[in-house]
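# Coordinate analysis (summary)
The residues making up each chain are set out below.
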Amino acid sequence: MSSLRPVPSSFLAAVAALSLLTGCASADPAPGTDTAATSGADADAHGEIAGAEELAEAQVGLTLVGPGGGVTHLDLLDESVADLGTVREPDAVHSDGRYLFAIDETGVSIVDSGVWTWDHEDHFHYYRAEPRVIGDVEGAGVATVTTTSSSTTGGTGVFFPESGDAVLLDTEALSKGELVERFRVAGDPGSGIVLPVGSFAAIAAGDRVMLRDGDGEQVGVTEDCVAAEGSITTRVGGVIGCEDGALLVTLADGMPQMERIPYPDDAAPRARQFANREGRPRVAALAGEGGEAGIWILDTRARTWTLLPAPEPLVQVTAVDDDDAHLLALTESGRVLILDGETGALRAATEPLVAGSLADGAGGIRLLADQQRAYLTGPVERTVWELDFADDARIARTFTPTTAPLFAALTGR
């Protein structure tokens, strides 16, 4: 049983307010898109697993990895904190809203926050189970981890660059606290991506994308994808970034298919890292170093790219993809910009907030988009800012964790 200890009330008050905002966020399904089909989810199960409790509201929490790899999970509803154990001190972290993947040069540690939301397109189901550290996937090199919209079915992809190993984990097994490799396929060292889609996976490596089934056997045709880099899952399907555009991987009649979305003829430098409000069809990426050539918007529903101007050198961008087309950007000076996602025009900006973290080269700086708020983490400042991007980038509240968070993820969504 995880031990509990009290959390300072000032911290919990701020985080609880954050949870109320993120917990009620809704998603807008793409017409004709079956989210369960693209993620491999069982529509009849509604995301439920044995031993989990279904609740009336999202059990939003904050899962933190601190110095030395200590993991804590803050329950933002009952104001308790649980020690989940210790993982490798990460060089990078990936999260799908339930699991936390702590990644270093020798493998990946997986933490189950024990809280998740299952998207049934027109409504949601909310669950809570016992949080835990599940275990480790060993490998060589800082891995790329890719997830889907389902935390109870389908697969989770892991690619190790130093060995070239492509691994597909069984996500249903993860939901039960078990670590099961559906397959591990050896390849050549280099960058790569394992993108899960349903019970299949698209493996991008060596300038090609190959489809494999859950046993690791090749299915269907391969596609060219020179210098694959960057991936994300939207309500439409999974995205793999390529030198000449993107590959959109979806399911049709239960089988994976790949569709190329090329850059415009007068394309700027390619996109390398995509970000958006979780699950939305439109994603944002920088075009060139610091967004020197602008900001790419990829609309996976319309299958189009749009290049917007960048008002100053940028570090990160993320698309809210709401009715007002908010686009968020973090500048090299540490300011957060609120941009028009249709034109790139500047709507509002903050003062420099994370200048210290940027100067220090801290890797845990994150600009996260939700339906009504944005969240900026400053590891050096030991502060999290909650921003109202619809109200001139107003700082709604700030709070400071009791332990310096090297990395953090909102979970339970």
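All figures in this text were calculated on a predicted structure; none of them were measured in a lab. (Residues numbered from 1 in each chain as written. Predicted model: local features only at pLDDT ≥ 70, side-chain atom pairs only at ≥ 80, totals over all residues. Heavy atoms only, no water.)

### Here we look at the side chain of Arg373
As a reminder, the rule being used: The numbering of helices and of strands both runs from the N terminus, where a helix is a DSSP run of H or I of at least 4 residues and a strand a run of E of at least 2. Polar contacts, as counted here, are pairs of nitrogen or oxygen atoms within 3.5 Å of one another; within protein the pair requires one atom able to donate a hydrogen and one able to accept it, and residues that are adjacent in sequence qualify only if both atoms are side-chain atoms.
Turning to its location among the elements, Arg373 is positioned in the loop between β31 (366–369) and β32 (374–378). A polar side-chain atom of Arg373 sits 3.3 Å from a polar atom in the side chain of Glu386.

### Section: the nonpolar core
The criterion, for reference: Only buried residues count toward a nonpolar core. Its members are Ala, Val, Leu, Ile, Met, Phe, Trp, Tyr and Cys residues joined through side-chain atoms within 4.5 Å. Summary of the burial criterion: residues with accessible area below 20% of their type's maximum are buried, those above 50% are exposed, and those between are partly exposed, where the area comes from a 1.4 Å probe applied to protein chains only. By definition in these notes, contact holds between two residues if any of their heavy atoms fall within 4.5 Å.
Of all hydrophobic cores here, the largest spans 17 residues; its most connected members are Leu328, Leu330, Val336, Ile338, Val354 and Leu376. Only β28 (326–331), β29 (336–340), β31, β32 and β33 (383–388) provide two or more residues apiece to this core. In contact with Leu376, not counting residues within four places along its chain, are Leu330, Val336, Leu353, Val354, Ile365, Arg366, Leu367, Thr383, Val384 and Trp385.

### Here we look at the pattern of salt bridges
Here the idea is simple: oppositely charged side chains can pair when their charged atoms come close. The line we're drawing: When a carboxyl oxygen of Asp or Glu lies within 4 Å of a side-chain nitrogen of Lys or Arg, that pair is called a salt bridge.
In this structure the tally under the stated criterion is 23 salt bridges. A salt bridge links Arg260 to Glu223; the shortest N-O distance between them is 3.4 Å. In this pair, Arg260 is assigned in strand β23 (residues 255–262) and Glu223 in strand β19 (residues 223–224), connecting sequence segments 37 residues apart. You can call Arg260 partly exposed: its relative accessible area is 29%. In this structure, Asp340 and Arg347 form a salt bridge, with 3.1 Å as the shortest nitrogen-oxygen distance. Residue Asp340 is classed as buried on the basis of its relative accessible area, which comes to 15%.

### Considering the sheet that holds strand β21 (residues 238–242)
Keep this limit in mind: DSSP-based pairing: two strands are paired if at least 2 bridges between them are found. Structural elements are reduced to axes, namely lines fitted to C-alpha atoms, with helices fitted over the stretch in contact, and the angle between N-to-C directions of any two is expressed from 0 to 180 degrees.
Taken in spatial order, the four strands make up an open sheet running β20-β21-β22-β23, and their pairing is antiparallel. Strand pairing shows two members of the sheet lacking a second neighbour, β20 (231–233) and β23, which therefore form its edges. Strand-to-strand twist across the sheet, computed as the mean angle between neighbouring axes with direction ignored, equals 25 degrees. Pairing analysis gives eight bridges linking strand β22 (residues 245–252) to β23, with the strands arranged antiparallel. Residue pairing across strands places Leu251 opposite Pro256, the latter belonging to β23.

### Examining the packing of aromatic side chains
Condition: Centre distance within 6.5 Å is the pairing criterion for rings of Phe, Tyr and Trp, where only the six-membered ring of Trp is used; planes under 30 degrees apart are then read as stacked, over 60 as edge-to-face, and the remainder as tilted. Note on criteria: charge over ring means Lys NZ or Arg CZ within 6 Å of the ring centre, with the direction from the centre no more than 35 degrees off the ring normal.
Taken as a whole and assessed by the stated rule, the structure comprises seven aromatic pairs. Arranged with centres 6.4 Å apart and planes meeting at 20 degrees, the rings of Phe124 and Tyr126 form a pair that is stacked. Exposure remark for Phe124: the relative accessible area of 23% places this residue in the partly exposed category. Of the residues examined, Tyr126 reaches a relative accessible area of 15% and is grouped as buried. Relative to Trp305, the ring of Phe274 has its centre 6.4 Å away and its plane inclined at 40 degrees; by these criteria the two rings are tilted. Highlighted residues: Phe274 in the loop between β23 and β24 (282–287) and Trp305 in strand β26 (residues 304–308), separated in sequence by 31 residues. Summarising the burial analysis for this pair, Phe274 and Trp305 share the class buried. Taken together, Tyr263, Phe274, Trp296 and Trp305 form an aromatic cluster joined through their ring pairs. The ring of Trp116 is capped by Arg98, whose NZ or CZ atom sits 3.6 Å from the centre of that ring.

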